[in-house]
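# Structural characterization, general
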Amino acid sequence: MKDFIQINENDNVIVAVREIAAGEKVTLGHAGTVTALETIPAGHKMAVCDIAPDVQVTKYGFCIGHAKEEIRRGQWVHVHNLKTALGDLLTYTYEPVEAALRPTGEAFFEGFQRPDGQAGVRNEIWIIPTVGCVNSIAQAMAKSANERVLGSVQEVIAFPHPYGCSQMGNDQEHTRTILADLVHHPNAGGVLVLGLGCENSNIEELKRYIGAYDAKRVKFLVCQEWEDEMAQGAAVLDELITYASGFQREKISASKLVVGMKCGGSDGFSGITANPLVGRFSDLLISKGGTTILTEVPEMFGAETLLMNRCGTKELFGQTVALVNDFKQYFKDHNQTIYENPSPGNKKGGISTLEDKSLGCTQKSGRAPVSGVLAYGERVHGTGLHLLSAPGNDLVASTALAASGAQIVLFTTGRGTPFAAPVPTVKISSNSALAQKKKNWIDFDAGVLVEEAEFEQTGQELFDYVLAVASGKKVCSEEAGFHDMAIFKQGVTL
């Protein structure tokens, strides 16, 4: 195993692969040896030259902040001596770079072809509550109905949430939009929309957001209208199970796949192993006509120009600028510090500034041109790489990816997490120690890249694994029975 990684030859820091003890010498090759002046934890940075106060600290070939004080060659570089160099709202110049990908051979998965042209990777029955008041009823209905699933129907799943009433403005719009998006999701062979009857986002109101739907696939039930809502719900769910059981897996082009990309609990290896590996997956899928979606806008801050300059048109560039600056304005409108990031877990793992985090985070986008920019709750309407407006919060952002049409979410992590999005959520560890420790959480180990595994081969292995998941292989969170969702809340609760 390597002792350290220097990501770019122009970097003035290296990343320790293992703990480097104080007094230990590491060999940099042409730059000679560096003696660690203090213990450098695994995943953390060590200076390879003297860095004067206010001078840039460089990682990934880009500035990740300025030195707060003099940093000596061999010193640990972290939050105690490194500060962000980012500003607030910025003006950007479009400087396009060549980012086209060459098409590659077609790939396939075994999925469920839907009548509307979409393809599902699961054949589930979803219960969507319009309001939090009926959450327990939805969960009870799902538990009972799971004893009656048949044929190709895999599971009946309720998606409880606390919203749908006592909301105002954008919060109410977000709730209605996200719920309507989930109703249309192709992983659901049938959907029961479960209402109370007196809520703001009642079924008749929500139908305006759902639009056209297949009455065989989507059913509605208002609990206040029935003497025994459980009995009526069971009858409706049995209808949906019977309908959905008629779908069978069939060979479908990978061009029908939409895959969301997210990271959480990142560490110093995330931007070196897991995130670039997902970027390789993204390029592979796009080269075969598929679609990927990158989100968590606050974790683009500091690396946003890399995405902006890959926009295929000046119009897309302008939309990406608005995506970033609108999110910064959201922080300012709530009197919050834009750069209140990274998290405690990120810092413990070796990430020091938001630039450090963002430059690693955006590695998930690969090299493809940006072909679309989506508002929160907007469903994807094209192929290629898309950017989606959503916060960094893991559950909110992953739900947003599913709502936009992702049938699968790839979630990279250096610390580990057990949660699940509404769709299969592939957990990819940035380090092998996590993969070995949390085998019940982690689906794919990208930490092997530190141990001399070949990048292209590992990228193909991840691509093949995702096709297996699309064809029915359960991920760890599915095996555990986990299904989570969260909606973006910004305003007043009445």
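Structure shown above.
First things first, this report covers the structure right here in the doc. Since we're looking at a predicted model, the values are computed, not measured. (Residues numbered from 1 in each chain as written. Predicted model: local features only at pLDDT ≥ 70, side-chain atom pairs only at ≥ 80, totals over all residues. Heavy atoms only, no water.)

Following both chains from N to C, one finds helix α2 (residues 169–183) and helix α3 (residues 203–210) inclined at 70°, their axes separated by 9 Å at the closest point. When the interaxial angle is binned, α2 and α3 end up roughly perpendicular. Here α2 and α3 pass one another in a crossing that is right-handed. Within the contact between the two elements, α2 uses Glu-173, Arg-176, Thr-177, Leu-179, Ala-180 and Val-183 and α3 uses Glu-205, Leu-206, Tyr-209 and Ile-210. (Axes fitted to C-alpha atoms, helices over the stretch in contact; angles between N-to-C directions. Helix = DSSP H or I, 4+ residues; strand = E, 2+ residues; numbered from the N terminus. Parallel < 35°, antiparallel > 145°, perpendicular 65-115°, else oblique. Left-handed = near helix turned anticlockwise from the far one by under 90°. Contact = heavy atoms within 4.5 Å.)

Burial analysis of strand β20 (residues 384–388) places 5 of its 5 residues in the buried class, the great majority of the element. Strand direction decides the pairing type here: strand β18 (residues 291–294) and β20, joined by 4 bridges, are parallel. Across the sheet, residue Leu-294 finds its bridge partner in β20, namely Leu-387. (Buried < 20%, exposed > 50% of the residue type's maximum accessible area, 1.4 Å probe, protein only. Pairing = 2+ DSSP bridges.)

For the rest of this paragraph, the subject is the sheet that holds strand β15 (residues 218–222). Within the open sheet, the 4 strands sit side by side as β13-β12-β14-β15. Their pairing is parallel. Every interior strand has two partners, whereas the edge strands, β13 (156–158) and β15, have only one. Adjacent strand axes in the sheet meet at a mean angle of 20° when their direction is disregarded. The pairing of strand β12 (residues 124–129) with β13 spans 3 bridges and is classified as parallel.

Before going further, it helps to spend a moment on the packing of helix α1 (residues 135–145) against helix α4 (residues 229–244). In the contact formed by α1 and α4, the axes pass within 10 Å of each other and the chain directions differ by 50°. By the criterion of interaxial angle, the relationship of α1 to α4 is oblique. Considering how the two elements wind past one another, α1 and α4 form a crossing that is right-handed. For the pair α1 and α4, contact is made by Ile-137, Ala-140, Met-141 and Ala-145 and by Glu-229, Met-230, Gly-233, Leu-237 and Ile-241, respectively. For the contact of α1 with α4, a count of residues per class yields 7 nonpolar, 1 polar and 1 charged. (Nonpolar A, V, L, I, M, F, W, Y, C, P; charged D, E, K, R; others polar.)

Under the criterion given, the structure shown has 21 salt bridges. Note that Glu-204 and Lys-207 form a salt bridge whose closest N and O atoms lie 3.5 Å from each other. Highlighted residues: Glu-204 and Lys-207, both in helix α3, separated by 3 residues, approximately one helical turn. For Asp-283, the salt bridge identified is with Arg-367, shortest N-O distance 3.8 Å. Placement of Asp-283 in helix α5 (residues 274–287) and of Arg-367 in the loop between α9 (354–361) and β19 (370–374) is noted, with a sequence separation of 84 residues between them. Residue classification places Asp-283 among the buried residues on the basis of a relative accessible area of 5%. Through salt bridges that share partners, Glu-173, Arg-176, Glu-205 and Arg-208 make up one connected network. (Salt bridge = Lys/Arg side-chain N within 4 Å of Asp/Glu carboxyl O.)

If you look at the biggest cluster of nonpolar residues, it comprises 94 residues, and the most contacted ones within it are Phe-301, Leu-410 and Ile-428. Ignoring sequence-local partners within four residues, the contact set of Ile-428 consists of Ala-274, Val-278, Leu-410, Phe-411, Thr-412, Thr-413, Phe-444, Ala-446 and Leu-462. Listed in part, the 21 residues of the second largest apolar core include Ile-125, Val-153, Leu-194 and Leu-196. (Core = buried A, V, L, I, M, F, W, Y, C linked by side-chain atoms within 4.5 Å.)

What is shown is where atoms sit, not what they do.
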